[in-house]
Amino acid sequence: MTVTPKSVGLSAGVKGARISANSSGRVTRTLGIPGSGISHTKTLSSGASSRSSAGARPATPSSPATPKPPTPGMFAPKWEKELHKAVLGKPDYSSLARIGSEYPPARHIAALLEATLVSVPAGDTARGLELISWLFADGYDPARDDFVRKYLPSAAFTLSIAEGISVQLAPDRDFIGLLLGELHQEAGNLPTAIDTIEQLEPSTVSAVSLAELYIAQERWADVVDLTEGLINEDEASTFLLIQRGIAFREQGYPDAARESFKEALRVRSRPAELRHRALIERGLTYLKEGKRAMARKDFEKVLAENSAYPGLREHLANFED
């Protein structure tokens, strides 16, 4: 599943067989032979199909059969059939609220799907908060949900947890907590967002979310403690190093701040938005030290790559005569 303000999609299945659906109602089925490069994609909503092959040979009648995505059996409960149809059959996300209300066994998973497929993408933060808050308070864990295990075994959510940082997460207890924290942050409930994330199992992902929240609350010492001993191993650690540098600068330790920014910039293959953020923050550190030439150099590095970077023109205005 992909959860963003602009689009929503879901892909589920097993190796060699997947069903994909998006918020526009388009549904496709892809069957293939794992490792062969041969696949067949059919658009179920229109019946149109296309074939593609990354290998040198076409599919032949002797190709081994591929597993079909699971569907509810004849004796499956009515709620299971309706929920499967609403999400994976002929998608009708507007029916999720009704299914959850009408069938108690479907209440939890229907609430999660309504929040991620309807409320959050539509920008309805209040409804999303209502649903996810209830799930979190009720102790719901999608990883233990029989519907998720049976029909969405390889489902994953893409969640933006900080500027320039998006992660793919399996539907589990931590995902619900992280999403709830993000919704509280969007609603301006920063203390509640922090309290929520602090209840989760410690991880790089939760650390990224916490660091951003601590920075927003000017809890500089907490940011430093959270990022102790960090090295630049991935995009998340790059983000955390930038937050560590900001915290050191605001505490009056410019040398330590610049060391953190140096480590954040050490790996040049990181996304441009992270590199630019590190350069801007290092430039602001130089400026605070009175090292105007060094600050201008960092700002102009960003200017050369992205002249529309937010706030860059204001920073450069400091050097106008």
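Above this text sits the structure in question.
Being a predicted model, the structure only gives us computed values, none of them experimental.

### Let's talk about the pairing of strand 8 (residues 165-169)
Across the two faces of strand 8 the burial differs, with Ile-165, Val-167 and Leu-169 buried and Ser-166 and Gln-168 not buried at all. Pairing of strand 7 (residues 157-162) with strand 8, which is carried by five bridges, proceeds in the antiparallel orientation. Across the sheet, the residue bridging to Ala-162 is Ile-165, located in strand 8. Joining the antiparallel neighbours strand 7 and strand 8 is a turn of two residues, in which Gly-164 adopts a positive phi near 85 degrees.

### So, helix 4 (residues 125-137)
The end-to-end C-alpha distance of helix 4, which contains 13 residues, comes to 17 Å, matching closely the 18 Å that a straight helix rising 1.5 Å per residue would cover. In the core, the buried residues of helix 4 are packed alongside helix 3 (107-119), helix 6 (173-186) and helix 7 (190-198). Once helix 4 finishes, Gly-139 follows within two positions and takes phi at roughly 75 degrees, a positive value.

### Some thoughts on the environment of Thr-192
Take Thr-192: it is sitting in helix 7. For Thr-192, a relative accessible area of 37% corresponds to the partly exposed category.

### Side note on the pattern of salt bridges
Counted under the stated rule, the structure contains 20 salt bridges. A salt bridge links Arg-98 to Glu-82; its shortest N-O distance comes to 2.7 Å. Note that Arg-98 is positioned in helix 2 (residues 96-102) and Glu-82 in helix 1 (residues 78-89), a separation of 16 residues in sequence. What makes Arg-98 partly exposed here is its relative accessible area of 38%. With a closest N to O distance of 2.8 Å, Arg-296 and Glu-300 form a salt bridge. Highlighted residues: Arg-296 and Glu-300, both in helix 13 (residues 292-305), separated by four residues, approximately one helical turn. A relative accessible area of 38% places Arg-296 in the partly exposed class. One network of salt bridges, with partners in common, ties together Arg-249, Glu-250, Arg-277, Glu-281 and Lys-288.

Reading guide: rules and limits
Residues numbered from 1 in each chain as written. Predicted model: local features only at pLDDT ≥ 70, side-chain atom pairs only at ≥ 80, totals over all residues. Heavy atoms only, no water. Buried < 20%, exposed > 50% of the residue type's maximum accessible area, 1.4 Å probe, protein only. Helix = DSSP H or I, 4+ residues; strand = E, 2+ residues; numbered from the N terminus. Pairing = 2+ DSSP bridges. Expected span 1.5 Å × (residues − 1). Contact = heavy atoms within 4.5 Å. Salt bridge = Lys/Arg side-chain N within 4 Å of Asp/Glu carboxyl O.

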